[in-house]
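A look at the structure
Below are the chains, spelled out letter by letter.
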Amino acid sequence: MSLPLKVVLLSGGVGGAKMAEGFAFSRFAAQFSVIGNVADDQAFHGLWVSPDIDTLTYTLADEIDTTKGWGLKDESNQVLDQLKRLGSDAWMYLGDKDFATHIYRTEQRQQGVRPSEIAANIARSYGVSTPILLPTDDCIQNKVKIESGWIDFQDYFVKHACQPAILDFHIVGIETATATPEALSAIAEADLIVIAPSNPIVSIKPILSVPGIVAALQQSSAFKVAVSPLVNGQTVKGPADKMMTAAGYRCDVIGVADVYNGLIDGMIIDQQDRDMMSELSAKIEYVLATDTLMFNRQQKVSLAETIVHFYQAGNGKVAAASAPLHESARESEPRLAV
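Description of the structure in this document. If you're wondering where the values come from, they're calculated on a predicted model, not measured in any experiment.

Looking only at helices and strands, the protein has 14 helices and 14 strands in total. On C-alpha atoms alone, the protein measures out to a radius of gyration of 19 Å, which is about the 20 Å that the 2.2 N^0.38 rule sets for 338 residues. For the protein, the spread of C-alpha atoms along the principal axes amounts to about 60 × 45 × 35 Å. Out of the 338 residues in the protein, the part that is buried amounts to 55%. Here the contacts in the protein between residues at least 6 apart in sequence split such that 68% fall between residues at least 24 apart. With an accessible surface of roughly 14500 Å², the protein has 49% of that area assigned to carbon and sulfur atoms.

Written out as structure tokens, the structure reads:
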């Protein structure tokens with residue numbers, strides 16, 4: 001009997017969390033794990049907030065506010081409202097229940113508990129069985145340079161609503177960061193490694209930039225595939241398109257392929273970008289155009305199963321699951337550009 005397929009997802013927040021939900025609620029959930037971005041972490045009101053890890057946790061717990069795509073559902077705002085009355089600069093939305101997560105995380109960090117262990121404890125408290133792994137336990141933070149100077153990513157993303165022109169990017173602390181053993185082990189043991197449709201510049205690149213992560217990916221025998229976050233040259237949500245351009249990449253699936261050049265075996269793009277397959281095939285061995293937009297759980301699970309089918313066809317391996325593919329996945333037969 002074949003062993004279960006080991007799938008590892010490299011993920012940012014909202015888009016990556018949708019992909020994580022697809023795998024976590026599919027029949028490939030047993031050996032599925034996520035390595036999440038921690039470079040958007042920032043302190044608010046003296047509390048350490050980890051937006052992408054929390055979004056992954058709340059999504060997999062089925063507690064996410066689906067309207068916003070982040071934060072907890074059925075939230076109240078009494079603490080934030082009172083902070084505003086007291087004169088605090090409270091532009092970052094944090095709900096009352098969400099505050100508890102940040103209080104706990106901050107207390108644990110002050111006690112010297114590893115951030116990886118803290119994340120695991122929070123996930124466990126929400127009943128999440130999928131391992132949510134950190135790429136590093138060290139503090140790394142995205143910085144964005146605008147005309148007035150360097151600012152934190154959350155300031156750019158939330159406070160300034162992605163409006164200022166971007167001049168440069170930097171990840172503070174990345175040079176001295178160390179990859180977690182959990183992340184390195186997951187990569188080494190994986191059969192399939194998926195790069196989620198997350199922002200390539202500020203969500204995925206910080207994971208890849210942690211010393212040791214790229215080497216681990218290159219040494220891994222896993223089939224590696226990226227799902228494009230851009231559809232028809234535009235992002236589904238967030239500033240990925242602006243950031244791709246600011247970082248010197250084309251704002252389309254070719255640009256995404258260039259970001260991951262040398263790291264991936266295959267790439268999945270949306271049907272709307274099917275006309276780019278020929279150009280992509282000159283860069284990447286395996287390319288599949290399928291439906292990548294995920295508006296409900298069925299679509300998320302379907303895309304996850306399509307990715308596994310793509311792995312089977314492209315890597316010449318037989319997946320462990322004996323059940324037939326989801327109907328919509330079966331209809332999306334991989335078109336391999338070899």
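Here the narrative resumes, following the displayed structure.
Here the focus is the pairing of strand S10 (residues 223-227). With respect to burial, S10 is a largely interior element, five of its five residues being buried. Sheet topology note: the strand S9 (residues 192-195)/S10 ladder contains four bridges and is parallel. What sits directly across from isoleucine 195, in S10, is alanine 226.

What follows covers helix H1 (residues 14-24). Because each turn of an α-helix spans 3.6 residues, side chains separated by three or four positions end up pointing in the same direction. Most of H1 is tucked away, with eight of its eleven residues classed as buried. Listed in full, the buried residues belonging to H1 are Gly16, Ala17, Met19, Ala20, Glu21, Gly22, Phe23 and Ala24.

Let's shift gears to the sheet that holds strand S7 (residues 149-152). Spatially, the three strands line up as an open sheet ordered S7-S6-S8, and their pairing is antiparallel. In the strand order of this sheet, the two ends are held by S7 and strand S8 (168-172), each with one partner. Between one strand axis and the next, the sheet turns through 30° on average, direction left out of account. Bridge analysis of strand S6 (residues 141-146) against S8 gives five bridges, and the strand direction is antiparallel. What sits directly across from glutamine 141, in S8, is valine 172. Of the strands in this sheet, S6 and S8 are in contact with helix H8 (residues 200-209), which crosses S8 at around 45°.

A few words on the side chain of serine 203. For serine 203, the location among the structural elements is in helix H8. Taking the relative accessible area as the measure of exposure, serine 203 reaches 7% and is therefore buried. The residues touching serine 203, leaving out its near neighbours within four places in the chain, are Gly12, Asn37, Asp52 and Ser198.

Let us now look at the sheet that holds strand S1 (residues 7-11). Strand order across the open sheet formed by seven strands is S5-S2-S1-S9-S10-S13-S14, with parallel pairing between neighbours. Each edge of the sheet is formed by a strand with only one pairing partner; in this case those strands are strand S5 (132-133) and strand S14 (286-290). Alignment of strand S13 (residues 266-270) against S14, held across five bridges, turns out to be parallel. Residue pairing in the sheet places glycine 266 in a bridge with tyrosine 286 of S14.

Taken together, the buried positions of helix H5 (residues 115-125) are occupied by Pro115, Ser116, Ile118, Ala119, Asn121, Ile122 and Ala123. Where the residues of H5 are buried, they touch helix H2 (51-60), helix H4 (96-110), S5 and helix H7 (181-189). Remark: glycine 127 follows H5 within two positions and exhibits a positive phi of approximately 80°.

The next point concerns unusual backbone geometry. One can expect most non-glycine residues to show negative phi and most peptide bonds to be in trans. If you check the backbone angles, histidine 45 has positive phi at about 55° while not being a glycine. Along the chain, histidine 45 turns up in the loop between strand S3 (42-44) and strand S4 (47-49). The class of histidine 45 is partly exposed, set by a relative accessible area of 32%. Despite not being glycine, asparagine 232 shows a phi value in the positive range, around 55°.

Going through the model one piece at a time under the given rule, you end up with zero disulfides. The thiol of cysteine 162 is unpaired, and the distance to the nearest cysteine sulfur, on cysteine 251, comes to 13 Å. A relative accessible area of 9% means that cysteine 162 is categorised as buried.

Cut-offs used in this document
- Residues numbered from 1 in each chain as written.
- Predicted model: local features only at pLDDT ≥ 70, side-chain atom pairs only at ≥ 80, totals over all residues.
- Heavy atoms only, no water.
- Helix = DSSP H or I, 4+ residues; strand = E, 2+ residues; numbered from the N terminus.
- Rg over C-alpha atoms; globule rule 2.2 N^0.38 Å.
- Buried < 20%, exposed > 50% of the residue type's maximum accessible area, 1.4 Å probe, protein only.
- Contact = heavy atoms within 4.5 Å.
- Areas by Shrake-Rupley, 256 points an atom, 1.4 Å probe, with all protein chains shown as cover.
- Pairing = 2+ DSSP bridges.
- Axes fitted to C-alpha atoms, helices over the stretch in contact; angles between N-to-C directions.
- Disulfide = S-S within 2.5 Å.

Geometry only, nothing functional implied.
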